[in-house]
Structure formats: C-alpha cells, structure tokens
Amino acid sequence: MIGYGIIGCGYAGRIHADNLEKLPEVRLAAVFDTDYERMRAFAQERGTSMASSIEELCGDKEVDAVIITTPNNSHVIPAICAAKAGKHVFCEKPVALSLKDTKEMLDAAKKSGVRFFAAHTTNFIRGVQTAKVLLASDAIGKLLMIEAVHTDWAGPQQSIGWKQMKTISGGHLYHHMHEIDLICQLTGLPVSVYANGINLVHHGTGYGDEEDAVFLNMKLSGGGFASLIIGSAFHLGDHFVKLQGKTGGILLDFKNSVVQLENGQGKTLYSMQENEPEDEERRNEYRKNKQDAGKGFGKPGMKTSSWMSTIFYKELLCFHNIIKTGNVDPKYKSLLDGSAAYNCVKVLDGARESMVSGLPVRLEE
C-alpha cells in the first residue's frame, strides 16, 4: 500500500484525489491547504486526515509520495520539504516560475534519492502520443517548423483567481506552458527565443494583470523554427500545433479535437482524446467556455471534464508505477530526469527576459 499526501485542495487536487481512488493498493493518507475550511471539507469528503502544516504532512510516516497542486509560485517549499523528508514528489505544472527555483527543487530530490515528476499533462494526450509515433515513423520526413497557437477572448470574471495574477501564475506564458513543453519534447531545447507581450485590452474591474497577448519566435537546434501565439485578447481564437516536415505535415487541432496527417499518401485523421465522446466533450467546451478564455481555468468546486480526468489519471498512473516498480517508460524519461522541467522553464525565462530587453535570448547560456 502506497500512501499519498496532497498539498493543495483546490481544482487539481480534487482531480488527483478522484484518480487515486481508481488506483490499486493506494490510500490518500493526508492533505494540507492554507484555506482551512476548504481543507476540512476536502478531508471529510475523502475520509482522510488533515495536516496542520506542510512540514507535518511531509513528515507523516504514512505518506510515501506528495502531490503538489498549490498555485504556481508556491511549489518550491513543499517540493523541497517533501524531498528532504524522503518522499517522492509529483509536481503540477509549471514546476516553478524561474530556472533557479526549478534547480533547487530538482537538486533536493536528487540529493535525497527520491523521484521528482514534472506533471506536464500534454504528454499524456492520445493525439500528442500519436503525433510522436508518426514523427518517429518518418511520416512527414524531417521536422522543419512548428507553429503553435493557443488564443481566445476572455470577458470580465466575477472574481479574479490566482491564475489571472501574473505574480502568482506567471501569466499566460508560464501557466499555459503546454505548447512550449511540446516543442521541447519534439525538438529539444531551442537555440534562442525572441518574445513580445503586453496587456492590450484587459484593464479594470474583472480582470487580472497578466499579458493578454504573447508572441514567441524560436530558433531550433536542428536549423528550423518554431512560433507560439498565446493569450486572451483574441476574438477569433484558436488552439492548434502544426508540425511541418520535409514530406508532409501533422495538425494537432485541439479546438476540434482531431489529429490530421497529410503526406504523399493522402490525408488521415486520428482521435485527439481517448474516444469520440471525449473528443466531442472537448469540442463543446471550446464552444461554451468563451467567458473563461477557452482555456478551462479550473476553479475549486468546478466539475472536471472526462477528457481532462483521463489525462490526469494517465500521468498519475505513470508516476505511481514508477515509484512502485522503479521502472521508467522511456517515453516519459524526460519528466523524471529533470530535462523536461529545465528545458521548459529555460524557454519561459528566456521569453520573459526577451520581453523586457526587446532582444533575442540565447538559451544555451
């Protein structure tokens, strides 16, 4: 029996708690949240104990692994505390809001000999896994360029959550790092990044303070290029990643929940999610979530979509099997050896620096 502790009893914490109940030989041993009432309700619902502090949870002998689902700027303390206590760490994305913090967390885990798992959810989407297989099979030849877009329009919110506050979430750039992670997973760390970003229209009551339009251009180590547009200032929004190869292309169309391959043999379509009901559910969410920037900002108490729950389950199962057996699936090695966390945050930090300086930033440095 493996005991888990959850630090952060909000939206993501609830998804992970639900999925822990689906895993064999697992128990939720303890939870902690700075919001006592939310923690109490969470613990009562799950039939588990409450810790009075991060230190108490990490020191609990019934806890073997810690799941961190706190706001983005508060991963460092619980991750280091858990590692020093000899607990394996499952850390929600982004791992941290700076390369310095990321290094401290990973160094603590390495020093203590525990596993540190970067929960980069996109790696567990069926359509992304399909695209990786197609690339490996030379279905589009050498990958030359990547074009990514994750945009929509966000109206005023009734209440401003931490995800809309730049100092806490890192803004769109850090909180919606999935496309950057995918680019790094497919091509390695880019050579350089040049970025522009500004808050164009979201000012006043009902809005946070993050940049609502961010543009990145990256030079890839293989000689090609990648671009990313992200934000909530776009009335004509979209969400896709296009992989352009020497002999064909792959479209990861998240908004329409389909993967499209085009090459000399014609056009082939693949599911994005696990099945057609999940694909249709995701399509419908983009139609309905205009008020929430089309990005599914989760809030405490919000019902989780089936497709999202499936992805979270797959990544948690991956982590669980690793700490249970010690075996790491080669497909997910980068999530365990630190390279996925490092590469992603290097690009994000470089983009943030470029937005300030107005100059390209070389990432190897």
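Our subject in this report is the structure included herewith. Treat the numbers as computed from the prediction; the structure is a model and nothing was measured.

The rules behind each value
- Residues numbered from 1 in each chain as written.
- Predicted model: local features only at pLDDT ≥ 70, side-chain atom pairs only at ≥ 80, totals over all residues.
- Heavy atoms only, no water.
- Helix = DSSP H or I, 4+ residues; strand = E, 2+ residues; numbered from the N terminus.
- Rg over C-alpha atoms; globule rule 2.2 N^0.38 Å.
- Buried < 20%, exposed > 50% of the residue type's maximum accessible area, 1.4 Å probe, protein only.
- Contact = heavy atoms within 4.5 Å.
- Areas by Shrake-Rupley, 256 points an atom, 1.4 Å probe, with all protein chains shown as cover.
- Axes fitted to C-alpha atoms, helices over the stretch in contact; angles between N-to-C directions.
- Pairing = 2+ DSSP bridges.
- Core = buried A, V, L, I, M, F, W, Y, C linked by side-chain atoms within 4.5 Å.
- Right-handed = clockwise from strand over helix to strand, strands pointing away.
- Arc of directions from axis to C-beta.
- Polar contact = N/O pair within 3.5 Å; in protein donor to acceptor, adjacent residues only side chain to side chain.

Observations regarding the overall build of the protein chain
- For the protein chain, the count of helices and strands is 13 helices and 15 strands.
- Since a compact globule built from 365 residues should have a radius of gyration of about 21 Å, the 20 Å found for the protein chain is in line with a globular shape.
- Burial status across the protein chain gives 56% buried among its 365 residues.
- A separation of at least 24 residues holds for 70% of the contacts in the protein chain among residues at least 6 apart in sequence.
- On the protein chain, roughly 15800 Å² of surface is accessible, and the fraction owed to carbon and sulfur atoms is 53%.

A closer look at the packing of helix 10 (residues 276-288) against helix 11 (residues 306-325)
- At a closest axis distance of 8 Å, the pairing of helix 10 and helix 11 adopts a crossing angle of 120°. Contacts between helix 10 and helix 11 involve Glu-278, Glu-281, Arg-282 and Glu-285 on the former and, on the latter, Ser-306, Trp-307 and Thr-310.

A word on the sheet that holds strand 10 (residues 225-231)
- Strand order in the open sheet formed by nine strands is 14-13-12-11-7-10-9-8-15, with mixed pairing between adjacent strands. One side of each edge strand has no neighbouring strand; the edge strands of this open sheet are strand 14 (266-271) and strand 15 (361-362).
- Pairing between strand 8 (residues 192-198) and strand 15: two bridges, direction antiparallel. Opposite Val-193, over in strand 15, you have Val-361 as the bridge partner.
- Here helix 13 (residues 339-357) sits on the sheet and contacts strand 8, strand 9 (213-219) and strand 15; the angle it forms with strand 8, its principal contact strand, is near 60°.

Structural notes on the sheet that holds strand 1 (residues 2-7)
- Strands sit in the order 3-2-1-4-5-6 across an open sheet of six strands; the sheet is parallel. Of all strands in the sheet, those bounded by a partner on one side alone are strand 3 (49-50) and strand 6 (116-119).
- Relative to strand 3, strand 2 (residues 26-32) is paired through two bridges, and the arrangement is parallel. Bridging across to strand 3, Val-31 finds its partner in Met-50.
- Its contacts with the sheet place helix 1 (residues 11-20) against strand 1, strand 2, strand 4 (65-68) and strand 5 (88-92), and it is angled at close to 165° to strand 1.
- Lying on the sheet, helix 11 is in contact with strand 1, strand 2, strand 4, strand 5 and strand 6; it crosses strand 5 at an angle near 165°.

So, the environment of Pro-71
- Looking at the element boundaries, Pro-71 is found in the loop between strand 4 and helix 4 (76-84).
- Distance from Pro-71 to Leu-143, taken between C-alpha atoms, is 35 Å for residues 72 residues apart in sequence.
- Contact partners of Pro-71, with chain neighbours within four places excluded, come to Trp-162 and Ile-168.

Looking at the nonpolar core
- Counting residues in each nonpolar core, the largest one holds 106 residues, and the members touching the most others are Phe-117, Leu-216 and Leu-243.
- Broken down by element, this core gets its largest block of residues, nine residues, from helix 11.
- Once you skip the residues sitting within four places of it in the chain, Leu-216 turns out to touch Leu-173, Ile-180, Val-193, Tyr-194, Ala-195, Ala-226, Ser-227, Leu-228, Val-347 and Ala-351.

What about the pairing of strand 6?
- By the alternation rule, side chains of strand 6 split into Phe-116 and Ala-118 and Phe-117 and Ala-119, which are all buried.
- Sheet analysis places strand 5 next to strand 6, joined by four bridges and oriented parallel. Across the sheet, residue Val-89 finds its bridge partner in strand 6, namely Phe-116.
- Running through helix 5 (residues 99-112), the crossover from strand 5 to the neighbouring parallel element strand 6 is right-handed.

A short note on helix 2 (residues 36-46)
- Considered for burial, the residues of helix 2 that qualify are Met-39, Phe-42, Ala-43 and Arg-46. All buried residues of helix 2 fall inside an arc of 95° around its axis, so they share one side.
- Of the surrounding secondary structure, the elements contacted by the buried residues of helix 2 are strand 1, helix 1, strand 2 and strand 3.
- In this structure Asp-35 caps helix 2, since a side-chain oxygen of it lies 3.3 Å from the backbone nitrogen of Glu-37.
- One or two steps after helix 2, the chain reaches Gly-47, where phi turns positive at roughly 65°.

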